[in-house]
Amino acid sequence: MIACQRARYWRRTIWMMVFGISFLYAKEIAIYVKDAENQSPIADAMVEAYSEAEGWMKLGTTDSTGKSSFQIDEQIESFRIFHMAYEPLFLRYLPMKGSMIEAKLQKIQYKVDEVVLSASRFDQPIQEVPYQISVISEADISFQNPQTSADLLAQNGQVFVQRSQQGGGSPNLRGFEANKVLLVIDGVRMNNAIYRSGHLQNVITIDPDMIAQAEVLFGPASVLYGSDALGGVMHFSTRNPSFSTSHHTQVSGNISMRYGSVNREKRVHTDVNIGGEKWAWLGSISMTDFGNTRAGSRPQWGMSEIPGHWLRDSIVLVEDETDRVVLNEDPFVQSPSGYRQLDIIQKLAFRPSERVQHSLNVQLSTSTDIPRYDRLTQIRDGKLRYAEWYYGPQTRILGAYHLTYDKAHRFWDQLKLVGAYQYIEESRYSRHFQVEHLNQRKERVHIGSINLDAQKKLAPLHQLLYGFEWVSNWVGSEAQTRSRLTGEVGPLDTRYPNGGTYMQSIAFYAKDSWRIHPEWRLNFGTRWTSVLLSANFDETRFYDFSFSQVNQFHQAWSTSTSVVYTPRLNWSFSYLNGVGFRAPNLDDVAKVFDSQPGNIIVPNPDLEPEYTNTHELSARYKSEHVQWEAGTFFTLYRDAIVVRDFQVDGRDSILYEGQLSKVQANVNAQEALLLGGYMSMRIQGKHLELFQTLNYTYGDVINSFQNIPLDHIPPLFGKGQLSYLQPKWKVSFEWIFNGEKGLNRYSPRDEGNISFATAEGSPGWIVFNLKTMYHLGERGEWQAGIENLLDTHYRPYSSRISAPGRNFYTSLKFRF
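Residues numbered from 1 in each chain as written. Predicted model: local features only at pLDDT ≥ 70, side-chain atom pairs only at ≥ 80, totals over all residues. Heavy atoms only, no water.

All right, on to the sheet that holds strand S17 (residues 232-238) then. Read across the sheet, 5 strands follow the order S10-S16-S17-S14-S15 without closing on themselves; strand pairing throughout is mixed. Of all the strands in the sheet, just strand S10 (132-137) and strand S15 (188-189) have a single pairing partner and so form its edges. Relative to strand S16 (residues 211-218), S10 is paired through 6 bridges, and the arrangement is antiparallel. Bridge pairing links valine 135 to glutamate 215 in S16. (Pairing = 2+ DSSP bridges. Helix = DSSP H or I, 4+ residues; strand = E, 2+ residues; numbered from the N terminus.)

Okay, structure coming up:
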């Protein structure tokens, strides 16, 4: 017994001595990975080490500063560093060279196996995707340096954006906008029960400084995303926390400041990342101050002068409880249009193993009052109609839990679970000129959602995606009128039913991807969706409708079928047929509001869902220096929800806010037809890069007598960009353009806002931008540019405010 104890004692002693000696000889190494061209740090690069005894061993990944640190022993012979966007790099380890190693990676130009998330809710090579997809990378976002996320989409050149005020931006995809396109952030749908059919500004609540990647999927995506995805999906992914690549906690962050002259923009952003081996936290805050925006001073292309109603000659000044019309000192300044915004994001991630990760995502976006510029310019009886019209603080709060599980299971290979809660608050304040009372309307929306998505390889040739979605909306709508003299509060009609509204959707989907041949892939998907809506008018309702409640229940099947043919590594051709479905929401069936002076929209409890059937052909080519994509689509739009003349108890006009107004409502039109095409091209050499897009859509409502132009169809538009690149700096010359849209292509219902255009329609225009970026060593960069170089005065189609004039901007960014 004693002999055995002595033997165990000496074995422990020998092992401890060996371990201690190896620890003494172990060395702390830090590898800094950079982009060889611009010297910027590369995050998420994989570092591996090789020894003859162990072979290749994974050491860790780089953090946001490009650093990866670890302990090694003298047996290590070489390192291997690789990243999906860069060529792999092999380094021979020389112990005498010190403990800091600098690695510079060469970027791969346009990898054929570029992956996207939006097309399948999991990473998928873009060559296998039948949809038109525009990917805006973090590098593109950083260089474009947009004021808002709406500007980011507009500068992409493939998304048309409409504005009614500076604090807005309504994306339009192939003639669909507002509640007919879907906004998604970090896997959570932003669309809710009060997303309206007109123009929306909700996209500006996404902080552009925190977007890691934005993907725009064009065409019906109802199988994967359900209702509201008729025109497409805009999926924004914000940056995630970075874990430590060593045994030590690592701290990194960014600070940036930006100034723009056209609206005296002042923007400050900072974020901090604290990463451990299993825990990581990322927090950010952005504060922006926009002043009144100034329009251009020169007529746009093809016009001899600037239309008079595009200039602000006079404004209403409120002093001592008195409204006075005063001269606008500078007619090109669109006053009032300024506002301020605050964005906060907090993310916490826990990674108990390499295959499992839990994360919490909390976001807050809020603003000051946002003036509704177009309403403030309206004239009635030769005078300004409103003294005040503004949106109250626009607040969006998101709290989400994410689970990713990559361990193979009987029923899945990858699993994602997202549970989220959102709170939305919107309000509208209006007061007529020289009227005592201010009308106040406020909506509060509570949204709960659960998404479960799974991916399973059923056989060598089959890849199955399936999932479940549950979304519930609770809407409260209130209104009052307040005397600005006495403060006395009185009753007022609400925008939505004031007895409370509940809207719920439940859906299941499945999609199979079948590689029937090495060059052919067949995809088929289906989704079942049910939507329940219940809205109640209480006894204090202002309008004596023949109903006191709106109850709807709809269910539908959506399908998609596509074929992708890849005859060569660089080429792919695809055909897609998708059936889209959209159930009416609260804004469609039960709102009461004035769409424009003299018109009032009332509830229509009999409104039915709308459907689309789209056929699309596309081709895509990618090589080391050339990227090209083109396609054409045809969409049959059935039971389209459009605004038409209506009656309330046999009356075609009712009194609204003291004015006799024509009654209108959302109704289902018979059919509509949309068709169009698109093209994008990118050519890159060693130092020069050329980029060009072109987009066209045509739409008509079809009936027995004549074809009537469909609302919201933008004219031909696109963007070009010529860039010169050097290792430390980049300069780009851009041209952004819109074609004209004549009166014969406007809807007779004026959803295209013809009254805010010209007597001939919407003129074509082109503007030029000049942008540059210079890297200040390893941890900083300076950017500057001139937007609207010629100071052109123009209005994009359907916009009710003129675009910004010449803008000089500059920004500084630092990493630590």
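The structure having been displayed, the exposition proceeds.
Turning to its location among the elements, leucine 636 is positioned in strand S44 (residues 626-638). Each C-alpha atom of the pair leucine 636 and threonine 614 lies 6.4 Å from the other, and the pair is 22 residues apart in sequence. With residues near it in sequence (within four places) discarded, leucine 636 still touches Tyr611, Thr612, Asn613, Glu671 and Ala672. (Contact = heavy atoms within 4.5 Å.)

Counting 49 residues, the largest nonpolar core has Leu153, Met234, Phe236 and Tyr637 as the members making the most contacts within it. Contributions of two or more residues to this core are made by helix H3 (149-154), strand S14 (182-185), S16, S17, strand S31 (386-391), strand S32 (395-405), strand S33 (414-432) and strand S48 (671-684). If you tally residues by element for this core, the top one is S16, at 4 residues. Beyond its immediate stretch of four places on either side in the chain, methionine 234 contacts Leu153, Pro171, Leu173, Val181, Leu182, Leu183, Val184, Glu215 and Val216. Formed by 33 residues, the second largest nonpolar core is a distinct cluster that contains Ile447, Val550, Phe581 and Tyr611. (Core = buried A, V, L, I, M, F, W, Y, C linked by side-chain atoms within 4.5 Å. Buried < 20%, exposed > 50% of the residue type's maximum accessible area, 1.4 Å probe, protein only.)

To continue, consider the environment of glycine 276. Note that glycine 276 resides in the loop between strand S19 (265-275) and strand S20 (279-290). Relative accessible area serves as the criterion here: at 16%, glycine 276 is assigned to the buried category. When the C-alpha atoms of glycine 276 and glycine 296 are compared, they prove to be 51 Å apart, with 20 residues separating the residues in sequence. Setting aside anything within four residues of it in sequence, one finds glycine 276 in contact with Phe243 and Ser244.

To continue, consider the packing of aromatic side chains. According to the stated counting rule, one finds 23 aromatic pairs in the structure shown. Relative to tyrosine 429, the ring of tyrosine 390 lies with its centre 5.0 Å away and its plane at 10°, an arrangement referred to as stacked. You can see tyrosine 390 sitting in strand S31 and its partner tyrosine 429 sitting in strand S33, a full 39 residues away along the chain. Overall, tyrosine 429 belongs to the buried group, its relative accessible area being 16%. Measuring from centroid to centroid gives 4.3 Å for tryptophan 520 and tyrosine 565, while their planes differ by 25°, and the two rings are stacked. Of this pair, tryptophan 520 sits in strand S38 (residues 520-536) while tyrosine 565 sits in strand S39 (residues 549-565), and the two are 45 residues apart along the sequence. Taking the relative accessible area as the measure of exposure, tyrosine 565 reaches 25% and is therefore partly exposed. Within the aromatic cluster, the residues linked to one another by ring pairs are Trp520, Tyr565, Trp571, Phe573, Tyr621 and Trp628. Above the ring of phenylalanine 633, the side-chain terminus of arginine 174 is found at 4.2 Å from the ring centroid. (Phe/Tyr/Trp six-rings, centres within 6.5 Å; stacked < 30°, edge-to-face > 60°. Lys NZ or Arg CZ within 6 Å of the ring centre and 35° of its normal.)

Moving on, we get to the sheet that holds strand S12 (residues 170-173). The strand order S11-S12-S13 describes an open sheet built from 3 strands, whose pairing is antiparallel. What marks the edges here is a single partner per strand, and that holds for strand S11 (160-162) and strand S13 (176-177). Pairing geometry for S11 and S12, over 3 bridges, is antiparallel. Following the sheet pairing, valine 161 is matched in S12 by proline 171.

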